[in-house]
Amino acid sequence: MPDLLVCMCFAWVLRRPDYTPVLLIAAVMLLADMLFQRPPGLMAALVVIGTEFLRRRTHLMRELPFLFEWAMVAGVMAAILIAYRLVLIIVMEPRPSFWLSMTLLISTIAAYPLVVAFSRYVLGVRKIAPGEVDELGHRI
């Protein structure tokens, strides 16, 4: 199964960064770590780092086609997988097989466009247009 929670975090951070505060992402991912019995906080920290990396590039990603956004997200997901496996190797924690991790990565990358389409057309989360303002008149 793809990691739909990570896909949704990345899709929403790139579309509406004001909807995804850092503490909310950290809390939800920490809860997911506990539920999936992963090392507590490791995946949460890596996803927070990945979302902040993408959040800093939302202005650049607004005008690029979706294919470039998908490639950027795929690179961040691959970096998270590599960092996760390296930390588990360093602390000598048992880790899933390499092929299982690669299957998870490929399925998550493949599910990203579906999550973006669901967020856009069902939930109404769209990209911020250049020059768009919030309710108080501040630029987003």
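Structural notes on the overall build of the chain
- In terms of regular secondary structure, the chain is built from 6 helices and 0 strands.
- Element order for the chain, N to C, with α for helix and β for strand: α-α-α-α-α-α.
- On C-alpha atoms alone, the chain measures out to a radius of gyration of 16 Å, which is about the 14 Å that the 2.2 N^0.38 rule sets for 140 residues.
- Counting only C-alpha atoms and orienting by the principal axes, one finds that the chain spans roughly 50 × 30 × 25 Å.
- The buried share of the chain, taken over its 140 residues, is 37%.
- Within the chain, contacts between residues separated by at least 24 positions form 67% of all contacts whose residues are at least 6 apart in sequence.

Some points on the layout of surface pockets
- In this structure, the largest pocket spans a volume of roughly 610 Å³.
- It is helix 6 (residues 98–121) that provides the largest number of residues to the lining of the largest pocket, a total of 7 residues.
- Taken together, the residues of the lining of the largest pocket break down into 16 nonpolar, 5 polar and 3 charged.

Observations concerning the environment of Ser101
- Structurally, the position occupied by Ser101 is in helix 6.
- By relative accessible area, which is 6% here, Ser101 ends up buried.
- Taking the C-alpha atoms as reference, Ser101 lies 17 Å from Val73; in sequence the two are 28 residues apart.

Cut-offs and rules
All residue numbers refer to position in the chain's written sequence, counted from 1. Since the coordinates come from a predicted model, pLDDT governs what is reported: local features require at least 70, and pairs of side-chain atoms require 80 or more to be given and counted, while whole-chain, interface and lining totals use all residues. Where side-chain values are given, they derive from all heavy atoms of the structure, hydrogens and water being excluded. Runs of E in the DSSP output that reach at least two residues are strands. Runs of H or I that reach at least four are helices, and both are numbered from the N terminus. Note on method: radius of gyration uses C-alpha positions; expected globular size equals 2.2 Å times residues raised to 0.38. Note on exposure labels: buried denotes an accessible area under 20% of the residue type's maximum, exposed denotes more than 50%, and partly exposed covers the range between, all computed with a 1.4 Å probe on protein chains only. Contacts are assigned to residue pairs that have any heavy atoms within 4.5 Å of one another. Only protein atoms enter the 1 Å grid used here, on which a cavity is any set of points holding a 1.4 Å probe that cannot leave and a pocket is any open set flanked by protein within 12 Å on both sides along at least five of seven lines; residues with an atom within 4 Å of a point are listed as lining. Grid points are joined across faces, edges and corners, and a volume is the space filled by probe spheres set on the points. We call Asp, Glu, Lys and Arg charged. Ala, Val, Leu, Ile, Met, Phe, Trp, Tyr, Cys and Pro are nonpolar, and the rest, Gly among them, are polar.

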